[in-house]
Amino acid sequence: MNLADLNKIANAMVAPGRGILAADESSGTIKKRFDAIGVESTEDNRRDYRELLFRSQEAMSKYISGVILYDETIWQKAKDGTPLVKLIEQAGSIPGIKVDEGTQPLPGCPNELITVGLDKLAERLKKYYEQGARFAKWRAVIDIAPGIPSYTAVRTNAHALARYAALCQQAQIVPIVEPEVLMDGDHTIDRCYEVTEFVLKETFQELYYQKVPLEGIVLKPNMAVAGKKSAKKAGVEEVAEKTVRLLKTCVPGAVPGIAFLSGGQSDEEATAHLDAMNKIGGLPWKLTFSYGRALQAAPQKAWSGKADNVAAAQRAFTHRAQMNGLASKGEWKQDLEKKAA
Ligand code: 5MM
């Protein structure tokens, strides 16, 4: 492992003004997204949609540091035969790959999941590296509900995340470590804080046990937010203050950067939260975005599967990428959203 090179890539992924596009929806998830806009989820439609994102020259070259791809996409070619990976590289962005193989029920832990995909991961990473991937992603899913998460689920998922991270670094690929605490329940922001603290502490303990140098990773956590069904939603300032405090408590300064998931927040909320955290300032790591839904909801709607709408979809994507780029520097203002509307 060449740690200096891993660190260089990790720093590029979280460079100020830029963040990551999570375009790694698995077949089931992209189908759900396409269903919502009335588009059939065929291989060609998935290619056309992702191609329009990667050909959004302004967004990709100015605001998107890297793109997380799904296995199908990393091998796909654009309509004119250019590999999609090349489009990303030509725009000055870094190709990455989702390497987990989804979740399965965790034995002995009702309603809890373990992320799988460690078998043969070393071999798969070699192929992804040859195909151009310089970073990877593995997502652990932790739910909050009465009686869960259990210690077993938190610990087992942390162990798998650290095993994955060690294998990535050995393959000269920067691991994005994503322990996602879901915001699906009716829990308060303080319960989210408490569970996320537990999850992050266990994750960093496992990274230490498995000898993963933190200079060569990027963390992708959830923010501290109330559950979607909670009676009491937290305001932007509260989310920012609590998330910063939580991260300062759990994430060593050796980590180059933290790239948040959006987790079901609205586009503007995800931007406002990131911006408010960066406005607090004085942080030991860079704070940026690795959004899926909060970057793609607008372009998906604008596109709706029609070739005539490609330019409008690219404008919608560029706008969100720019807003989040500004938020990664604490320079976003809400009236910039209105001006674009
Ligand atoms: C883009 O969605 C990713 C893939 O999810 P599935 O494996 O469930 O299809 C997902 O891992 C994503 O990278 C993160 O959850 C962040 O995305 P959001 O939409 O929460 O910002």
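Before any of the text, the structure's been laid out above.
Rules and cut-offs
Residues numbered from 1 in each chain as written. Predicted model: local features only at pLDDT ≥ 70, side-chain atom pairs only at ≥ 80, totals over all residues. Heavy atoms only, no water. Helix = DSSP H or I, 4+ residues; strand = E, 2+ residues; numbered from the N terminus. Buried < 20%, exposed > 50% of the residue type's maximum accessible area, 1.4 Å probe, protein only. Contact = heavy atoms within 4.5 Å. Areas by Shrake-Rupley, 256 points an atom, 1.4 Å probe, with all protein chains shown as cover. Lys, Arg positive; Asp, Glu negative; His and termini not counted. Charge placed at Lys NZ, Arg CZ, Asp CG, Glu CD. Polar contact = N/O pair within 3.5 Å; in protein donor to acceptor, adjacent residues only side chain to side chain. Core = buried A, V, L, I, M, F, W, Y, C linked by side-chain atoms within 4.5 Å. Phe/Tyr/Trp six-rings, centres within 6.5 Å; stacked < 30°, edge-to-face > 60°. Lys NZ or Arg CZ within 6 Å of the ring centre and 35° of its normal. Near = heavy atom within 4 Å. Pairing = 2+ DSSP bridges. Salt bridge = Lys/Arg side-chain N within 4 Å of Asp/Glu carboxyl O. Expected span 1.5 Å × (residues − 1). Right-handed = clockwise from strand over helix to strand, strands pointing away.

Draft legend 1. Quick peek at the overall build of the chain. When its secondary structure is counted, the chain shows 14 helices and 10 strands. Taking the principal axes of its C-alpha atoms as reference, the chain extends roughly 50 × 45 × 40 Å. The proportion of buried residues among the 341 residues of the chain is 56%. Partitioning the contacts of the chain with sequence separation of at least 6, the portion at a separation of at least 24 is 79%. Approximately 14,200 Å² of the chain is accessible, and the part contributed by carbon and sulfur atoms is 50%. Here the chain carries 45 positive and 42 negative side-chain charges, and the mean point of each set is 2 Å from the other.

Draft legend 2. Structural context of the side chain of aspartate 24. Among the secondary structure elements, aspartate 24 is positioned in the loop between strand 1 (19-23) and helix 2 (27-36). In this structure the side chain of aspartate 24 is engaged in a polar contact, spanning 2.6 Å, whose partner is the side chain of lysine 137. When sequence neighbours within four positions are dropped, the list of residues in contact with aspartate 24 reads Ile68, Leu69, Tyr70, Lys98 and Lys137.

Draft legend 3. Representation of the nonpolar core. Among the nonpolar cores identified, the biggest contains 104 residues, and Met13, Phe54 and Tyr164 are the most heavily contacted of them. The greatest single-element share of this core, amounting to eight residues, is contributed by helix 8 (residues 151-170). Ile142, Ile144, Val195 and Val199 belong to the second largest nonpolar core, which has seven residues in total.

Draft legend 4. Quick peek at the packing of aromatic side chains. Counted by the stated rule, this structure contains eight aromatic pairs. Centroid distance phenylalanine 289 to tyrosine 291: 5.7 Å. Interplanar angle 40°. Geometry classified as tilted. Take phenylalanine 289 and tyrosine 291: they sit in the same class, and that class is buried. One Lys or Arg, arginine 134, reaches over the ring of tyrosine 129 and ends 3.7 Å from the middle of that ring.

Draft legend 5. Spatial organisation of the site of the ligand. Lining the immediate environment of the ligand, one finds 17 residues, of which Ser26, Thr29, Lys137, Ser262 and Gly263 sit closest. One nitrogen or oxygen atom from the side chain of serine 26 is found 2.7 Å from an oxygen atom belonging to the ligand. Measuring from an oxygen atom of the ligand, one finds a backbone N or O atom of glycine 263 at 2.7 Å. Protein coverage of the free-state accessible area of the ligand, which is 500 Å², stands at 90%.

Draft legend 6. Broad picture of the environment of histidine 273. Structurally, histidine 273 is set in helix 11 (residues 267-280). A sequence separation of 205 residues divides histidine 273 from isoleucine 68, and the C-alpha atoms of the two residues are 22 Å apart. In contact with histidine 273, not counting residues within four places along its chain, are Met223, Val225, Val236, Val239, Ala240 and Gln265.

Draft legend 7. Structural view of the pairing of strand 2 (residues 64-69). Among the six residues that make up strand 2, six are buried, leaving the element largely enclosed by the rest of the structure. Pairing between strand 1 and strand 2: five bridges, direction parallel. In the strand pairing of strand 2, alanine 23 is matched with leucine 69. Where strand 2 and strand 3 (residues 94-98) come together, four bridges link them in parallel fashion. Following the sheet pairing, leucine 69 is matched in strand 3 by isoleucine 97.

Draft legend 8. Looking closely at the pattern of salt bridges. Scanning the entire structure with this criterion turns up 27 salt bridges. Of the charged contacts in the structure, one is a salt bridge between arginine 55 and aspartate 80, with a shortest N-O distance of 3.2 Å. Of this pair, arginine 55 sits in the loop between helix 3 (43-54) and helix 4 (57-62) while aspartate 80 sits in the loop between helix 5 (71-74) and helix 6 (84-90); the two residues are 25 residues apart in sequence, bridging distant segments of the chain. Overall, arginine 55 belongs to the partly exposed group, its relative accessible area being 33%. Since its relative accessible area comes to 54%, aspartate 80 is described here as exposed. Note that lysine 228 and aspartate 184 form a salt bridge whose closest N and O atoms lie 3.5 Å from each other. Of this pair, lysine 228 sits in the loop between strand 8 (218-219) and helix 10 (236-250) while aspartate 184 sits in the loop between strand 7 (174-181) and helix 9 (189-209); the two residues are 44 residues apart in sequence, bridging distant segments of the chain. Using a relative accessible area of 48% as the deciding quantity, one classes lysine 228 as partly exposed.

Draft legend 9. Expanded view of helix 11. For helix 11, which comprises 14 residues, the first-to-last C-alpha distance of 21 Å matches the rise-based estimate of 20 Å (1.5 Å per residue) to within 8%. Where helix 11 ends, the next residue or the one after it, glycine 281, has phi of about 70°, a positive value.

Draft legend 10. Representation of the pairing of strand 6 (residues 135-142). Counting buried positions along strand 6 gives seven out of eight residues, so the element sits mostly inside the fold. As paired strands, strand 3 and strand 6 are joined by three bridges and run parallel to one another. Residue pairing across strands places lysine 98 opposite lysine 137, the latter belonging to strand 6. Alignment of strand 6 against strand 7, held across eight bridges, turns out to be parallel. Paired with alanine 140 across the two strands is proline 179, which belongs to strand 7. What joins strand 6 to strand 7 is helix 8, and the crossover it makes is right-handed.

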